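Listed here are the chains, written in short residue letters.
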Amino acid sequence: MKLIKKSKEFNLDEIENLMLLNHPNILKLFEYYYDEEENIYIITEYIRGEELFNKIQEVYRFSEEDSAIIIKSVLQAITYCHSRGIIHRDLKPENILIPSGSNKVDYTLLKIIDFGASVLKKDDGKISYRFGTPYYIAPEVLQESYNEKCDVWSIGVILYLLLIGQAPFDGEDDDIICQKIISEEIDYENNKKIKELSK
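Residues numbered from 1 in each chain as written. Predicted model: local features only at pLDDT ≥ 70, side-chain atom pairs only at ≥ 80, totals over all residues. Heavy atoms only, no water.

### Overview of the overall build of the protein
For the protein, the helix and strand inventory stands at 7 helices and 8 strands. Classification of the 199 residues of the protein by burial places 42% in the buried group. Contacts in the protein between residues far apart in sequence, at least 24 positions, make up 64% of those at least 6 positions apart. Carbon together with sulfur atoms contributes 48% to the accessible area of the protein, which is approximately 11600 Å² in total. (Helix = DSSP H or I, 4+ residues; strand = E, 2+ residues; numbered from the N terminus. Buried < 20%, exposed > 50% of the residue type's maximum accessible area, 1.4 Å probe, protein only. Contact = heavy atoms within 4.5 Å. Areas by Shrake-Rupley, 256 points an atom, 1.4 Å probe, with all protein chains shown as cover.)

### Some points on the sheet that holds strand S1 (residues 2-5)
By definition, the strands of a sheet pair up through backbone hydrogen bonds, in either a parallel or an antiparallel sense. Taken in spatial order, the 3 strands of this open sheet run S1-S3-S2, and their pairing is antiparallel. At either margin of the open sheet sits one strand with a lone partner, and together these are S1 and strand S2 (29-34). Averaged over all adjacent pairs, the angle separating strand axes in this sheet is 25°, with direction ignored. (Pairing = 2+ DSSP bridges. Axes fitted to C-alpha atoms, helices over the stretch in contact; angles between N-to-C directions.)

### A short note on the pairing of S2
Regular strands place their side chains on alternate faces of the sheet. As defined by bridge partners, S2 adjoins strand S3 (residues 39-44) across 5 bridges and the pair is classed as antiparallel. Paired with Tyr34 across the two strands is Ile40, which belongs to S3. The antiparallel hairpin formed by S2 and S3 contains 4 residues in its connecting segment, where Glu38 sits at a positive phi of about 65°.

### As for the sheet that holds strand S6 (residues 96-99)
Strand order in the open sheet formed by 3 strands is S4-S6-S7, with antiparallel pairing between adjacent strands. Strands with a single pairing partner mark the edges of an open sheet, and in this sheet they are strand S4 (49-51) and strand S7 (111-112). Both S6 and S7 contribute to a ladder of 2 bridges, which runs antiparallel. Its bridge partner being in S7, Ile96 is matched across the sheet by Ile112. Along the sheet, helix H2 (residues 52-59) contacts S4 and S6; its crossing angle with S4, the most-contacted strand, is approximately 80°.

### Observations concerning the layout of surface pockets
Here the largest pocket defines a volume of roughly 420 Å³. Forming the walls of the largest pocket are 22 residues, and the residues nearest its centre are Lys2, Leu27, Ile42, Thr44 and Asp114. Looking at the lining of the largest pocket, the elements with two or more residues in it are S1, helix H1 (12-19) and S3. Per-element accounting of the lining of the largest pocket gives the leading share, 3 residues, to H1. Looking at the lining of the largest pocket, its residues break down into 15 nonpolar, 3 polar and 4 charged. (1 Å grid on protein atoms, 1.4 Å probe; cavity = no way out; pocket = protein on both sides within 12 Å on 5 of 7 lines; lining within 4 Å. Points joined across faces, edges and corners; volume = space filled by probe spheres on them. Nonpolar A, V, L, I, M, F, W, Y, C, P; charged D, E, K, R; others polar.)

### Looking at empty space enclosed by the protein
Within this structure, the stated rule accounts for 1 cavity of 30 Å³ or more. Of the volumes computed, that of the largest cavity is approximately 60 Å³. Lining the largest cavity we find 13 residues, and of these Arg89, Phe131, Tyr136, Ile137 and Ser154 sit closest to its centre. Top contributing element to the lining of the largest cavity by residue count: helix H5 (residues 149-164), with 3 residues. Considered class by class, the residues forming the lining of the largest cavity number 7 nonpolar, 3 polar and 3 charged.

See below:
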């Protein structure tokens, strides 16, 4: 069970839509309840495992083969969401669960979790309020005019992190990170980490 504090941006229709999602790489939502204080209680399937974030800290960098499997599974899940009009908006390694239970990790079984920030696609195609985690947030979100492609940006950042071992944009605080996302480009030719990998 997960507790969500209801906000003015929160829409129960979004939860209703999430309950309709049925994909092997998306955590299944079974039911929801809310109380007189308008707290939302979400009941989901139980998955024993660890966050991809913890796995990254453990291994530092992933092989190209494992990275491809992880990203393919994430892309399949998010393509499914987008086809049903749902934008996740907070894709990051902390919201990707790797199930445990066997000696060999099977990344095809990963689950996308935490749809608390998700929204339905707008008829006009654009969302105008900012939301997300700084390292993974798309420039369009920071400029407050975006659509479902913000999830694709986040997936690209996750892939970079899997292969390189660090986020493409970093800084001392969130404001600096966000400014770099808007104004800087990744220097592939002079990036020491990328050069090390290409040797």
